[in-house]
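# Coordinate inspection notes
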Amino acid sequence: GSDRGTTEPASAMYAVSASDSASAYGFTMETKTAYQTVNNLFTFFAQRYAKNGQAPIDFIIGYQVNEWVNWYNLGYSADQLDKTVRTYTAVVRLADLALRSQSANSRVYVPLSNLWATGRPFLSAFAAEMGADRAWSVAVSPYASNALDDSIWDDQGAENSRYSTYLTMNNIGVLKDFLEEEPYLYQNTRRSVIIDDFAVHGTSGDDASQERQAASFVYAYYTASGAEFIDAFIWHRIMDGAGEQCSLGLRQLDAEEKPIYELFREIDTQRGSKAAEQYAKIVGERKWSSIIKGFSKNQAETTKLFTAVGESSDLETVRENALLLLDFTDRNLRGFVPS
């Protein structure tokens with residue numbers, strides 16, 4: 001934060017009106033120095049990490065940008081949507097230009113919170129400001145409408161409507177339908193969507209709550225794996241956060257593993273359906289195929305689980321096995337040594 005000893009040139013990136021007490025900030029474009037600094041930042045990252053011929057590197061620009069009073073703090077008031085979008089769009093254009101000048105297949109993502117009541121108008125204004133011929137994608141954090149809900153399969157705040165207040169794992173298809181509307185297409189194709197930040201509450205020390213957390217995770221993962229428009233599903237966090245009201249971790253704050261821990265380890269492997277089976281009854285059914293429309297074991301179980309340790313002098317065998325672990329699509333281990 002700007003109150004924590006930030007030095008030049010980084011301080012140029014804060015909006016003059018931004019609150020000193022926020023934990024996250026949006027990029028300003030208020031001065032020439034700010035513009036140059038933001039441009040230099042993305043150019044540096046792109047030149048360092050993005051290369052044609054290698055696996056694409058993507059940028060997620062900001063955090064929950066449709067909530068610019070809180071999460072993407074620019075110091076603007078809640079009614080300053082147009083000003084926020086103009087400032088944010090300028091940043092995205094710089095990032096996109098820097099990134100795709102190095103890697104043509106890389107993507108820039110616009111991250112939205114689960115508050116679809118602001119996400120929908122923000123995305124509409126952003127798309128209009130960017131123009132139809134610019135490539136951008138969408139990242140979303142579809143948390144439950146009630147942050148303390150550990151049973152997300154019956155989320156009452158998620159309506160299957162374009163005008164739903166919240167966008168959660170119960171109604172994530174609303175985003176797909178929205179992006180298939182003509183103003184949001186890119187070269188007549190729907191834009192990429194990733195879930196870049198998601199978790200479910202599981203009360204520390206409460207076995208029943210943690211069992212429901214695990215069941216909710218299965219529900220969310222199977223929903224995402226069966227949705228062809230979702231390209232990634234990223235969980236936050238590994239351990240419960242100190243001082244946070246929600247207990248979102250795979251472990252408690254004392255590092256004790258929750259039921260979700262082993263489930264998370266196995267859900268996308270050949271053991272996944274067996275590990276998930278017991279949680280279907282918590283939702284109220286015998287099988288997950290009765291809960292998740294279009295459930296497919298083949299779509300959900302995509303990773304090889306290694307259960308033995310050994311050695312090999314055959315470099316090609318080592319490389320093949322390592323690819324299953326690391327999933328580097330260009331077959332480059334990038335300095336990693338399998339063990």
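### Overview of the sheet that holds strand β3 (residues 137–140)
Taking strand neighbours across the sheet as the criterion, the 5 strands line up as β1-β2-β3-β4-β5 in an open arrangement whose pairing is parallel. Sheet topology places β1 (59–60) and β5 (230–235) at the edges, where each strand pairs with a single neighbour.

### Regarding the confidence of the model for the chain
Taken over all residues, the pLDDT of the chain has a mean of 89, while the share at 70 or more is 88%. Per-element confidence in the chain is highest for β3, whose mean pLDDT is 98, and lowest for helix α10 (residues 315–326), whose mean pLDDT is 60.

### Observations regarding helix α3 (residues 116–130)
The terminal C-alpha atoms of α3, which comprises 15 residues, lie 20 Å apart, in line with the 21 Å expected from a rise of 1.5 Å per residue. Of all the positions in α3, only W116, G119, F122, L123, A125, F126, A127 and M130 are classed as buried. Here the buried face of α3 lies against α2 (81–100), β2 (108–112), β3 and α4 (173–179). Positioned one or two residues after α3, G131 has a phi angle of 95°, which is positive.

### Overview of a nonpolar patch on the surface
There is a patch of nonpolar side chains on the surface, built from F44, F45 and Y49 and spanning about 300 Å² of accessible area. Relative to the helices and strands, Y49 is located in helix α1 (residues 32–49). Classification of Y49 by relative accessible area gives partly exposed; the value is 42%.

### Considering α1
Taking 1.5 Å of rise per residue, the 18 residues of α1 would be expected to cover 26 Å, and the 26 Å separating its terminal C-alpha atoms lies within 8% of that figure. Residues of α1 that are buried include every one of A34, T37, V38, F42 and A46, and no others. The buried residues of α1 occupy an angular sector of 160° when the element is viewed end-on, so they sit on one face. What points out from α1, more than 90 degrees from its buried face, is the exposed set K32 and R48.

Rules used throughout
Residues numbered from 1 in each chain as written. Predicted model: local features only at pLDDT ≥ 70, side-chain atom pairs only at ≥ 80, totals over all residues. Heavy atoms only, no water. Pairing = 2+ DSSP bridges. Helix = DSSP H or I, 4+ residues; strand = E, 2+ residues; numbered from the N terminus. pLDDT = per-residue confidence, 0-100. Expected span 1.5 Å × (residues − 1). Buried < 20%, exposed > 50% of the residue type's maximum accessible area, 1.4 Å probe, protein only. Contact = heavy atoms within 4.5 Å. Patch = residues over 30% accessible without salt bridge, like charges linked within 9 Å, V, L, I, M, F, W, Y side chains within 5 Å. Areas by Shrake-Rupley, 256 points an atom, 1.4 Å probe, with all protein chains shown as cover. Salt bridge = Lys/Arg side-chain N within 4 Å of Asp/Glu carboxyl O. Arc of directions from axis to C-beta.

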